[in-house]
Amino acid sequence: MTAGMASRSVADMRREFDNTFAAPPAGPSEDRESLLTLRVAGEAFAVRTVQVTGVAKRGCIMPIPTRVPGLLGISALRGALIPVYDLAALLGLPAAASKGSWLILTNRETPVGLLFDDFEGRVEIERACLYESGSSISLKHVCLFARVGAANRAVIDVPGLVEEIRKRAGVTEPAKE
């Protein structure tokens, strides 16, 4: 190998390396779906990441007197007070033996925290792995199921859940700041 060939190869490699940073990062593929996997009342569920604004460890939840089913109280998070609901109760599941450890954060306009037991992680699946149930099994706020690895998980319809919370609480429009 001559010096000219070696320097040209290094120049080509340098240009190729630099070009990888010049190109915009690849976004999520159109044929893939990002999901958060979690446990609610001991059952395996999934949530579409595009439907939530974040996940946080449970902080102090201050109980408040209420007639709204599933409302546990309010919690301070990132400088704001948010209502915290028991996700198991909203899904029609029996309460878990332990208090939930995690919150799903939803809806930027009217933030809501949904308390659940265990956060298992984030996965990406092919959209073809999302399907409607062909059985008569009916879970509240579940429209789809996802094949994640060797297991099937019910996918929680977060926007539908938040809409029901708003109706139960008598809120007709999102809060304006």
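Use the structure listed above.
Rules used throughout
Residues numbered from 1 in each chain as written. Predicted model: local features only at pLDDT ≥ 70, side-chain atom pairs only at ≥ 80, totals over all residues. Heavy atoms only, no water. Helix = DSSP H or I, 4+ residues; strand = E, 2+ residues; numbered from the N terminus. Buried < 20%, exposed > 50% of the residue type's maximum accessible area, 1.4 Å probe, protein only. Contact = heavy atoms within 4.5 Å. Pairing = 2+ DSSP bridges. Axes fitted to C-alpha atoms, helices over the stretch in contact; angles between N-to-C directions.

1. A closer look at the environment of Pro63
- Tracing the backbone shows Pro63 in the loop between strand S3 (54-57) and strand S4 (71-77).
- Residue class for Pro63 comes out exposed when judged on its relative accessible area of 59%.
- Remark: the alpha-carbon pair of Pro63 and Gly73, spanning ten residues in sequence, is separated by 4.1 Å.
- Setting aside chain neighbours within four positions, we find Pro63 in contact with Leu72 and Gly73.

2. Quick look at the environment of Thr53
- Considering the arrangement of structural elements, one finds Thr53 in the loop between strand S2 (43-48) and S3.
- Residue classification places Thr53 among the partly exposed residues on the basis of a relative accessible area of 34%.
- In sequence terms Thr53 and Asn107 are 54 residues apart; their C-alpha atoms lie 6.8 Å from each other.
- If sequence neighbours within four positions are ignored, Thr53 has contacts with Leu105, Thr106, Asn107 and Arg108.

3. A closer look at the sheet that holds strand S6 (residues 102-106)
- Pairing is mixed in the open sheet, where five strands are placed in the order S3-S6-S7-S5-S4. The sheet terminates laterally at S3 and S4, the two strands that pair on one side only. The average angle at which neighbouring strand axes cross in this sheet is 35°, direction not considered.
- Where S6 lies against strand S7 (residues 112-116), five bridges are found, and the strand directions are antiparallel. Across the sheet, the residue bridging to Leu103 is Leu115, located in S7.
- Strand contacts of helix H3 (residues 158-169): strand S5 (80-86), S6 and S7, with the helix running at about 110° to S7, the strand carrying the most contacts.

4. A word on unusual backbone geometry
- With a phi close to 50°, Ala41 is a non-glycine residue in the positive phi region.
- Its identity as a non-glycine residue notwithstanding, Arg78 has a phi of 55°, on the positive side.

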